[in-house]
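# Inside the fold
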Amino acid sequence: GRGGGGETDADLFAMYVFKVVHCSKQFVHDWKECPYAHEGETARRRHPNQHTAQPCPNFKSTKMCPRGDKCQMAHGPWEAGLHPDAFRTNLCAYGRSCQRRMCFFAHDVTELRTPQAPGMAQHILSSPHTHMSALPTKPFAFGFAGPAAQQQQQQQ
């Protein structure tokens, strides 16, 4: 649930871990099914503490930014949409019938978030260098794990 304006584990995972924390799997696997970041992946993003939710005009028009990772603005829809200042702060046009694998919007009023005050990022999730093993094991709540990964999870 969402207690007193707090975030759910799924919200925290989406904003601070999904495609931010590097994948530690040592075998070939489908990046689309994996919630962690991989070198060269389009959906890979910087930690939200390193930029705002405001889209970078350079990156938006040319997919390049002279400031690179030092830029204070969001590079692409993943960094903007999953930023804590933006994630699930508006309703999804598709509502409960949304079929997106990862949607940046709330599907009903119970999923709407109020952004926290700046600098209020949660404990371990505030570091861009957190290791996978120290994170909440909630990626399965998103439906990213395919049947094979879910089977593997149940066997452990």
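Residues numbered from 1 in each chain as written. Predicted model: local features only at pLDDT ≥ 70, side-chain atom pairs only at ≥ 80, totals over all residues. Heavy atoms only, no water.

### Let's talk about the side chain of His-38
Applied cut-off: Helix and strand labels come from DSSP, where a helix needs a run of H or I of at least four residues and a strand needs a run of E of at least two; each type is numbered from the N terminus. Note on classification: 1.4 Å probe, protein chains only; a residue is buried when its accessible area is under 20% of the maximum for its type, exposed when over 50%, partly exposed between these limits. Pairs of N or O atoms are called polar contacts if they sit within 3.5 Å, as long as, within protein, a hydrogen donor faces a hydrogen acceptor (for residues adjacent in sequence, only side-chain-to-side-chain pairs). Any two residues having at least one pair of non-hydrogen atoms within 4.5 Å are treated as being in contact.
With respect to the helices, strands and loops of the structure, His-38 is situated in the loop between helix H1 (9-16) and helix H2 (57-62). With relative accessibility at 7%, the residue His-38 sits in the buried group. Within polar-contact distance, the side chain of His-38 engages the backbone oxygen of Tyr-36 at 3.1 Å. Engagement of the side chain of His-38 in a polar contact is seen with the side chain of Glu-41, the distance being 3.0 Å. Beyond its immediate chain neighbours, meaning those up to four positions away, His-38 contacts Lys-19, Cys-23, His-29, Trp-31 and Arg-44.

### Description of the environment of Thr-110
Mapped onto the fold, Thr-110 is located in the loop between helix H3 (77-81) and helix H4 (147-155). A distance of 2.3 Å separates a polar atom in the side chain of Thr-110 from a polar atom in the side chain of Asp-108.

### Quick word on the side chain of His-47
Counting through the fold element by element, His-47 comes out in the loop between H1 and H2. A distance of 3.0 Å separates a polar side-chain atom of His-47 from the backbone nitrogen of Asn-49.

### Quick word on unusual backbone geometry
A negative phi holds for most residues other than glycine; trans holds for most peptide bonds. Even without being glycine, Lys-63 reaches a positive phi, approximately 60 degrees. In this structure Lys-63 comes out as exposed when scored by relative accessible area, which is 59%.

### So, the environment of Cys-71
Considering the arrangement of structural elements, one finds Cys-71 in the loop between H2 and H3. Along the primary structure Cys-71 and Phe-59 are separated by 12 residues, whereas in three dimensions their C-alpha atoms are 9.9 Å apart. Each residue touching Cys-71, except ones within four places of it in the same chain, is listed here: Arg-46, Gln-50, His-51, Cys-56 and Cys-65.

### Examining the pattern of salt bridges
Filter applied, for reference: Any carboxyl oxygen of Asp or Glu within 4 Å of a side-chain nitrogen of Lys or Arg constitutes a salt bridge here.
Taken as a whole, this structure holds 9 salt bridges when the rule is applied. Its salt-bridge partner being Glu-39, residue Arg-44 comes within 2.9 Å of it at the nearest N-O pair. In this structure Glu-39 comes out as exposed when scored by relative accessible area, which is 60%. The network of salt bridges with shared partners includes Asp-11, Arg-88, Arg-96, Asp-108 and Glu-111.

### Looking at the packing of aromatic side chains
To be explicit about the condition: Note on ring pairs: Phe, Tyr and Trp rings are taken, using the six-membered ring of Trp, and paired if centres are within 6.5 Å. Classes follow the plane angle, with under 30 degrees stacked, over 60 edge-to-face and the rest tilted.
Tallied over the entire structure, the rule returns 3 aromatic pairs. Taking 5.9 Å as the distance between ring centres and 75 degrees as the angle between the ring planes, the aromatic pair formed by Phe-13 and Tyr-36 counts as edge-to-face. Of this pair, Phe-13 sits in helix H1 while Tyr-36 sits in the loop between H1 and H2, and the two are 23 residues apart along the sequence. Accessibility assignment for this pair places Phe-13 and Tyr-36 in one class, buried. Aromatic ring contacts, followed pair by pair, group Phe-18, Trp-78 and Phe-104 into a single cluster.

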